[in-house]
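Structural characterization, general
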Amino acid sequence: MSGISPIAASLNGLRQAEQSLEAAVEAVNSGSLDLDSMAKAAVLLQSADIQAGASAVTLRAGIDLQKHAIDILA
């Protein structure tokens, strides 16, 4: 089925977004509030947000493809 690959890719993207979010939290929790640490955290958060958004759209499309394929087979 054509939707399996997009679903797997989107789940991987969501995992990557979660890793970026965890890295941002680590950067903030390091106790160092210098500009470099805060900039790194901001970039990681922005990256996680973009990755999660794109992955969610891809996941929704993959699920819709699966639903249509099931409807066709039914």
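For the structure, check the block above.
Residues numbered from 1 in each chain as written. Predicted model: local features only at pLDDT ≥ 70, side-chain atom pairs only at ≥ 80, totals over all residues. Heavy atoms only, no water.

**Some words on the pattern of salt bridges**
This is how it is decided: A pair is scored as a salt bridge if a Lys or Arg side-chain nitrogen falls within 4 Å of a carboxyl oxygen belonging to Asp or Glu. What counts as a helix is a DSSP run of H or I of at least four residues, what counts as a strand is a run of E of at least two, and both are numbered from the N terminus. Classification of residues uses two cut-offs on accessible area relative to the type maximum, computed with a 1.4 Å probe and protein chains only: under 20% is buried, over 50% is exposed, and between them is partly exposed.
What the rule picks out here adds up to one salt bridge. When the shortest N-O distance is used, the salt bridge between Arg-60 and Asp-64 registers 2.9 Å. One end of the pair is Arg-60 and the other is Asp-64, both in helix 2 (residues 35–73) and four residues apart, which spans about a single turn. Relative accessible area serves as the criterion here: at 26%, Asp-64 is assigned to the partly exposed category.

**Some thoughts on the environment of Leu-33**
With respect to the helices, strands and loops of the structure, Leu-33 is situated in the loop between helix 1 (4–29) and helix 2. Distance in space between the C-alpha atoms of Leu-33 and Leu-11 is 32 Å, their sequence separation being 22 residues.

**Examining a nonpolar patch on the surface**
As a reminder, the rule being used: Patch membership needs two things, relative accessible area over 30% and no salt bridge, and members are linked within 9 Å if like-charged or within 5 Å if nonpolar (Val, Leu, Ile, Met, Phe, Trp, Tyr). Calculation of accessible area relied on Shrake-Rupley with a 1.4 Å probe; when residues are assessed, cover is drawn exclusively from the protein chains displayed.
On the surface, Leu-21, Val-25 and Leu-45 cluster together into a nonpolar patch covering about 240 Å² of accessible area. Considering the arrangement of structural elements, one finds Leu-21 in helix 1.

**Some thoughts on the side chain of Ser-10**
Heads up, the condition is: Contacts are assigned to residue pairs with any non-hydrogen atoms lying within 4.5 Å of each other.
Secondary-structure assignment places Ser-10 in helix 1. Assessed through its relative accessible area of 1%, Ser-10 is described here as buried. Among residues more than four places away in sequence, those in contact with Ser-10 are Ser-55, Thr-58 and Leu-59.

**Observations concerning helix 2**
Definition in use: Here a helix's expected span is defined as the number of its residues, less one, multiplied by 1.5 Å.
Under the 1.5 Å per step criterion, the end-to-end length of helix 2 is 57 Å for 39 residues, consistent within 8% with the ideal 57 Å. Along helix 2, the positions that sit buried rather than exposed are Ser-37, Ala-41, Leu-44, Ala-48, Ser-55, Leu-59, Gly-62 and Gln-66.

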